[in-house]
Amino acid sequence: MDDHAIIALYFARDEAALEATRRKYGNRLFRCAMNILFNAQDAEECVSDAFFKAWKAIPPASPEMLGAFLAKIVRNLSINKLEARSAAKRGGDEARLFLGEMEECLPSPAGGPEDEFEARSVTNAINSFLSNANKTARAAFVLRYFHGESIGAIAGRFQISESNVKSTLFRTRKKLRLHLEKEGVLI
């Protein structure tokens, strides 16, 4: 079933939308959550919570790309769950590592009403940057910092060395920082 048909089910408030969503995106969303949490039970909980959030958000939201919409929800839920854990569990350090890699490129939230506007401008600047990046750098960046894939998994996917992946990500972060500064984003 294509995304438009699934979204139409949400708008009709037909619970079949949830099953169609689970069939089409469940595995991908679970993998995304696992890449961050390294705990199957927590990952499954985040995926279920994401389906519930999608049910509440659609309508009025009508996402152009349902998969990306759901992935963003799962990613945010997974990061929140990771931060809520008091003790690091197996793999927790890997997730903290990839989140920490981006700290040098992104501004920290100031904690005020202007944060939402600032977040939108940063998102637009990152999207603009990625749209002009080469295909491999863009894919590696998204896999690492959005889907939380390990360096080894990305290297295996592109059949390149881990060192090459690390260099590509480092150069991409450096270029992103310059791009954000040029766009007026204070780091």
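For the structure itself, look to the data block above.
Quick caveat, the model's predicted, so the values are computed rather than measured. (Residues numbered from 1 in each chain as written. Predicted model: local features only at pLDDT ≥ 70, side-chain atom pairs only at ≥ 80, totals over all residues. Heavy atoms only, no water.)

Right, let's get into the nonpolar core. Across soluble globular proteins, nonpolar side chains show a tendency to be buried alongside one another. Within the largest apolar cluster, 28 residues are counted, with the highest numbers of intra-cluster contacts made by Y10, L29, A33, L37, L66, L70 and V74. Listing elements by their share of this core, those giving two or more residues are α1 (3-11), α2 (16-37), α3 (40-57) and α4 (66-84). With sequence-adjacent residues up to four places away left out, L29 is seen in contact with V47, F51, L70, A71 and V74. By size, the runner-up hydrophobic cluster in this structure holds 17 residues, among which are I126, A140, Y145 and L169. (Core = buried A, V, L, I, M, F, W, Y, C linked by side-chain atoms within 4.5 Å. Buried < 20%, exposed > 50% of the residue type's maximum accessible area, 1.4 Å probe, protein only. Helix = DSSP H or I, 4+ residues; strand = E, 2+ residues; numbered from the N terminus. Contact = heavy atoms within 4.5 Å.)

The next thing to look at is the packing of aromatic side chains. For any pair of aromatic rings, the description consists of the separation of the ring centres together with the inter-plane angle of the planes. Using the criterion set out here, one finds two aromatic pairs in the structure. Each ring, one from Y10 and one from W55, has its centre 5.9 Å from the other, and the planes form 50 degrees; the classification is tilted. Pair noted here: Y10 is in helix α1 and W55 is in helix α3, with a separation of 45 residues, a long-range link. For W55, a relative accessible area of 18% corresponds to the buried category. Between the NZ or CZ atom of R13 and the centre of the ring of W55, over which it lies, the distance is 4.0 Å. (Phe/Tyr/Trp six-rings, centres within 6.5 Å; stacked < 30°, edge-to-face > 60°. Lys NZ or Arg CZ within 6 Å of the ring centre and 35° of its normal.)

The subject of this paragraph is the pattern of salt bridges. Two side chains of opposite charge can pair, provided their charged atoms sit close to one another. Tallying each qualifying case throughout the model produces six salt bridges. The partner of R22 in a salt bridge is E44, with the nearest N and O atoms 3.4 Å apart. Highlighted residues: R22 in helix α2 and E44 in helix α3, separated in sequence by 22 residues. Where R157 meets E149, a salt bridge forms, and the shortest distance between an N and an O atom there is 2.8 Å. A relative accessible area of 48% means that R157 is categorised as partly exposed. Overall, the relative accessible area of 9% leaves E149 in the buried class. (Salt bridge = Lys/Arg side-chain N within 4 Å of Asp/Glu carboxyl O.)

Moving on, we get to the environment of L180. Mapped onto the secondary structure, L180 falls in helix α9 (residues 162-182). Take L180: its relative accessible area is 0%, and that puts it in the buried class. A C-alpha to C-alpha distance of 7.5 Å links L180 and V122, two positions 58 residues apart in sequence.

If you want to describe how two helices pack, look at the angle between their axes and the distance between the axes. Between α2 and α3, the least distance of the axes is 8 Å, while the angle of their chain directions is 135 degrees. The orientation of α2 with respect to α3, classified from their angle, is oblique. Relative to α3, α2 is oriented so that their crossing is right-handed. Two secondary-structure elements touch here, α2 through A17, L18, T21, R22, G26, L29, F30, A33, M34 and L37 and α3 through A40, D42, A43, E44, C46, V47, S48, F51 and W55. Per-class residue counts for the contact of α2 with α3 are 13 nonpolar, three polar and three charged. (Axes fitted to C-alpha atoms, helices over the stretch in contact; angles between N-to-C directions. Parallel < 35°, antiparallel > 145°, perpendicular 65-115°, else oblique. Left-handed = near helix turned anticlockwise from the far one by under 90°. Nonpolar A, V, L, I, M, F, W, Y, C, P; charged D, E, K, R; others polar.)

Put simply, α3 and α4 touch, their axes get as near as 9 Å, and they point 130 degrees apart. With respect to their mutual orientation, α3 and α4 come out oblique. Along this stretch, α3 crosses α4, giving a crossing that reads as right-handed. On α4, the residues that touch D42, E45, C46, V47, D49, A50, K53, A54 and A57 of α3 are F69, L70, I73, V74, L77, S78 and K81. Counted by class, the contact of α3 with α4 contains ten nonpolar, one polar and five charged residues.

What follows is about unusual backbone geometry. Here I58 and P59 are connected by a cis peptide whose omega angle stands at -20 degrees. Among the structural elements, P59 can be located in the loop between α3 and α4. Note the cis peptide between P59 and P60, where omega equals 10 degrees. Here R13, not a glycine, exhibits a phi torsion of approximately 60 degrees, which is positive. Within the secondary structure, R13 sits in the loop between α1 and α2. Positioned with a positive phi, Q159 is a non-glycine residue whose angle comes to about 55 degrees. Within the fold, Q159 resides in the loop between α8 (151-158) and α9. Take Q159: its relative accessible area is 74%, and that puts it in the exposed class.

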